[in-house]
Amino acid sequence: MSLCFDLAPEQKMLEDSVWKWASAWLEPQMEKLYEEDRMPPDLFKELGKLGVNGIAYEEKYGGAGLGYVDTLLVYETIARVSSALSMTVGASQTLCFDNFRRNASEQQKMDILPKACSGEYIGCLGITEPNAGSDAMGMTTRATKSGDHYIINGSKTFITNGPVADVVVFYAKTNPELGPHGISAFYFLTKDVKGFSVDKIHKWGMRTSPTGLLTFDNMELPEENLIGGYNQGVAVLTNGLCTERITLCGCSLGAQRSCLELSIKYAKERTQFGKPIGSFQFIQGKLADMYTGYMASKWMAYSAASYCDSLENKTCGKGTDLDRKAAGALLFCGEMGTRIAENAVQIHGGYGYCSEYPVSRHYLDQKLWDIGAGTAEIRRIIIARELLRDNFQSGQ
Ligand SMILES: Cc1cc2nc3c(=O)[nH]c(=O)nc-3n(C[C@H](O)[C@H](O)[C@H](O)COP(=O)(O)OP(=O)(O)OC[C@H]3O[C@@H](n4cnc5c(N)ncnc54)[C@H](O)[C@@H]3O)c2cc1C
């Protein structure tokens, strides 16, 4: 059992190549992009050139054939520069395309995944609706069968990448009378449909990551666009949520690491009362708290990812250890990330409140990790449900 976070040589190379790209290509643009709330249009093509778009997908689809630990490492490394753009990458590559990879037919996968890997296609995943957030099963988007196609009506909100997506994966009720067992998953290419529109949602944090309200107004989809089988949407959705929660921890972890590194540097450089502020015990205490918080978050996230990689069948949901570990990892990373970013701003004083200092962006972005991918309250509900089940063994 190795618990010391030593990366294998290939993982070190992966981290180094993503970091080299993020610090040289992304970082210099970030302040302006954040100000304008604009995603760099060639983001996914850049990642395609780096070979990290389909990190967990099989090589026959253009992927790297690696796992969720490697995916987490890539998201963490991007998030050292931008948690928001790391989330955008995760929403496309994990929420949308990885979910698609795990559930679509071979033909569907061959049609879509190579273009997801090259960066030609950007994806989004639509679960949340204006009146169904935490209660996702209360969705009302309806897919009505009509001959050999479906008619879709309804809407999805807060959808990351909605305004820029080429491919949409979403859930709709196919048999509303069956409740959660009457949900199906679908996908479509935005260029191929009529009756679909997107409105951009404006946010105070996570700027640069485009968020949209998707509206389906009598949108027609051929029945081939069903994924994972008729009324099989719940399994697709719950299994996807675990890998989503685990890998999105990287978006918080990278920002935590950046907050710590920037704060150490600033504490050494900034002098007050004739001394570096790092000589004051109040500042030292914050740095120590940030370090221990980051290391603990890292353990929660990477151990969950490693556990997930070890499972042949990554089934999630009620009665699985994976559900508890995934919810626990994101719960911890989210709440710790918010505290670490707050400490980083405090160490930077007034400068930390100015947009030219990256800690200000981390501070704005981190709050999302208490909300997105199931709120902190919902994660606690999942963890407690699993702790209280009959065969739970503490220490797992
Ligand atoms: C920037 C951003 C990006 C997002 N990206 C996506 C995306 O790509 N795809 C997607 O489908 N969704 C996305 N979401 C949606 C996100 O997953 C939801 O916002 C989240 O699940 C909460 O739903 P809600 O906002 O409707 O809040 P609600 O469910 O209305 O919750 C409001 C409050 O009530 C609490 N609450 C609700 N039920 C309970 C309960 N049973 N017990 C205790 N407390 C409860 C919640 O924890 C919360 O504090 C995104 C959201 C944001 C802000």
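Up top you'll find the structure we're talking about.
This structure is a prediction, so every number in the text was calculated from the model and none was measured.

Engineer: Where do I start with the site of the ligand in this structure?
Structural biologist: Within the structure, the ligand sits among 16 residues, and Thr128, Ser134, Phe158, Thr375 and Glu377 are positioned closest to it. A distance of 2.8 Å is found between a nitrogen atom of the ligand and a backbone nitrogen or oxygen belonging to phenylalanine 158. In this structure, an oxygen atom belonging to the ligand sits 2.7 Å away from a side-chain N or O atom of glutamate 377. Sorting elements by how many residues they give to the shell around the ligand places strand 3 (residues 149–160) first, with three residues. Residue composition of the shell around the ligand, by class: eight nonpolar, six polar and two charged. Looking at which domains feed residues into the shell around the ligand, each of domain 2 (125–227) and domain 3 (241–387) gives three or more.

Engineer: Can you help me understand helix 6 (residues 233–269) in this one?
Structural biologist: Three- or four-residue spacings in an α-helix give side chains the same orientation, since the helix completes a turn every 3.6 residues. Taking 1.5 Å per residue as the helical rise, helix 6 with its 37 residues ought to reach 54 Å, and the 54 Å between its terminal C-alpha atoms agrees with that figure. Buried residues dominate helix 6, accounting for 28 of its 37 residues.

Engineer: Sorry if this is basic, but what is going on with the environment of alanine 165 here?
Structural biologist: Checked against the element boundaries, alanine 165 lands in the loop between strand 3 and strand 4 (167–173). Sequence separation between alanine 165 and glycine 123 is 42 residues; the distance between their C-alpha atoms is 5.1 Å. Those residues in contact with alanine 165 that sit more than four places away from it in its chain are Ile122, Gly123, Cys124 and Thr190.

Engineer: Looking at this structure, I do not really get the pairing of strand 1 (residues 123–126). What am I missing?
Structural biologist: Each regular strand carries side chains that alternate between the two faces of the sheet. Burial of strand 1 is two-sided: the residues Gly123 and Leu125 facing one way and the residues Cys124 and Gly126 facing the other way are all buried. Examined bridge by bridge, strand 1 and strand 4 share four bridges and lie parallel to one another. Across the sheet, the residue bridging to glycine 123 is valine 167, located in strand 4.

Engineer: Help me out: how do you make sense of unusual backbone geometry in this one?
Structural biologist: Apart from glycine, the bulk of residues carry a negative phi angle, and the bulk of peptide bonds sit in the trans form. Of note in the backbone geometry, phenylalanine 158 takes a positive phi value of approximately 60 degrees without being a glycine. Mapped onto the elements of the fold, phenylalanine 158 is located in strand 3. Unlike most non-glycine residues, asparagine 231 shows phi in positive territory, near 60 degrees. Assignment of secondary structure puts asparagine 231 in the loop between strand 8 (226–227) and helix 6.

Cut-offs and rules
- Residues numbered from 1 in each chain as written.
- Predicted model: local features only at pLDDT ≥ 70, side-chain atom pairs only at ≥ 80, totals over all residues.
- Heavy atoms only, no water.
- Near = heavy atom within 4 Å.
- Polar contact = N/O pair within 3.5 Å; in protein donor to acceptor, adjacent residues only side chain to side chain.
- Helix = DSSP H or I, 4+ residues; strand = E, 2+ residues; numbered from the N terminus.
- Nonpolar A, V, L, I, M, F, W, Y, C, P; charged D, E, K, R; others polar.
- Domains from an automatic or database assignment.
- Expected span 1.5 Å × (residues − 1).
- Buried < 20%, exposed > 50% of the residue type's maximum accessible area, 1.4 Å probe, protein only.
- Contact = heavy atoms within 4.5 Å.
- Pairing = 2+ DSSP bridges.

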